[in-house]
Amino acid sequence: MAHVKKTVLVNHSASCMFLLVDDVEQYPKFLPWCGGVDLILQDDVSTTATLHIDYHGLRQNFTTENKKTFPESMEIKLKNGPFKHLNGAWQFLALSEDACKIEFSLNYEFENHFLEKIIAPVFNHIANTFVDGFVKRANTIYAK
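Residues numbered from 1 in each chain as written. Predicted model: local features only at pLDDT ≥ 70, side-chain atom pairs only at ≥ 80, totals over all residues. Heavy atoms only, no water.

Caption draft 1: Broad picture of the UniProt feature "domain: Coenzyme Q-binding protein COQ10 START" (unreviewed entry) in the protein chain. In this numbering, the UniProt entry assigns the feature "domain: Coenzyme Q-binding protein COQ10 START" (unreviewed entry) to residues 10-134. Between the C-alpha atoms that bound residues 10-134 there is a distance of 10 Å. The span itself is 28% helix and 53% strand. (UniProt positions renumbered as here; feature names shortened; annotations may be inferred. Helix = DSSP H or I, 4+ residues; strand = E, 2+ residues; numbered from the N terminus.)

Spelled out as structure tokens, the structure:
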């Protein structure tokens, strides 16, 4: 099973970062691997969406349900996709009104060895640069 854990400090509030991550329909605008999003359900306690990967000739999709506690956390749980297992979490820890610590963790395992050989290199890159994409987007849209 693969594990990703990233921690970053940003000069943006926890609520701003939470809202940015929860705005899944905007992902194709700033995540280069994201070929589209199908928003299935979004309310105050959860967001369920299908993310379409379209990166270097690889096309795949997966659906997650994120249980939310605004503005502190989101728990990621796989609904369907090419994984045997996928779960993770976002934590947004307020440091001040204009700063927070973001902790992102993701654990995943592909459904079978064949899929792992094909998809793993691309998905590993996506997972390891995921947080960087949000930080870059936040610096653009929340610039002072």
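Let's pick the thread back up.
Caption draft 2: Structural view of empty space enclosed by the protein. According to the stated counting rule, one finds one cavity of 30 Å³ or more in the structure shown. The space that makes up the largest cavity amounts to roughly 250 Å³. For the lining of the largest cavity, the secondary-structure elements that each account for two or more residues are strand S3 (46-55), strand S4 (58-69), strand S6 (83-96), strand S7 (99-110) and helix H3 (113-141). Per-class residue counts for the lining of the largest cavity are 17 nonpolar, three polar and no charged. (1 Å grid on protein atoms, 1.4 Å probe; cavity = no way out; pocket = protein on both sides within 12 Å on 5 of 7 lines; lining within 4 Å. Points joined across faces, edges and corners; volume = space filled by probe spheres on them. Nonpolar A, V, L, I, M, F, W, Y, C, P; charged D, E, K, R; others polar.)

Caption draft 3: How the structure looks around the environment of Ser13. For Ser13, the position within the fold is in the loop between strand S1 (2-10) and helix H1 (14-22). With 105 residues separating them along the chain, Ser13 and Ile118 place their C-alpha atoms 38 Å apart. With residues up to four places along the chain from it excluded, the contact list for Ser13 reads Glu97, Asp98, Ala99 and Cys100. Only 3.2 Å separates the side chain of Ser13 from the side chain of Ser15, close enough to count as a polar contact. Of the polar contacts made by the side chain of Ser13, one reaches the backbone nitrogen of Cys16; its length is 3.0 Å. (Contact = heavy atoms within 4.5 Å. Polar contact = N/O pair within 3.5 Å; in protein donor to acceptor, adjacent residues only side chain to side chain.)

Caption draft 4: Inspection of the packing of aromatic side chains at higher detail. Summed over all chains, the structure comprises 21 aromatic pairs. Considering the side-chain rings of Phe62 and Phe83, the 5.7 Å spacing of their centres and the 85 degrees angle between planes classify their relative orientation as edge-to-face. Of the two residues, Phe62 is situated in strand S4 and Phe83 in strand S6; the sequence distance between them amounts to 21 residues. Pair check on accessibility: Phe62 and Phe83 agree, each one buried. Taking 5.0 Å as the distance between ring centres and 85 degrees as the angle between the ring planes, the aromatic pair formed by Phe130 and Phe134 counts as edge-to-face. One end of the pair is Phe130 and the other is Phe134, both in helix H3 and four residues apart, which spans about a single turn. Each member of the pair, Phe130 together with Phe134, is buried. (Phe/Tyr/Trp six-rings, centres within 6.5 Å; stacked < 30°, edge-to-face > 60°. Buried < 20%, exposed > 50% of the residue type's maximum accessible area, 1.4 Å probe, protein only.)

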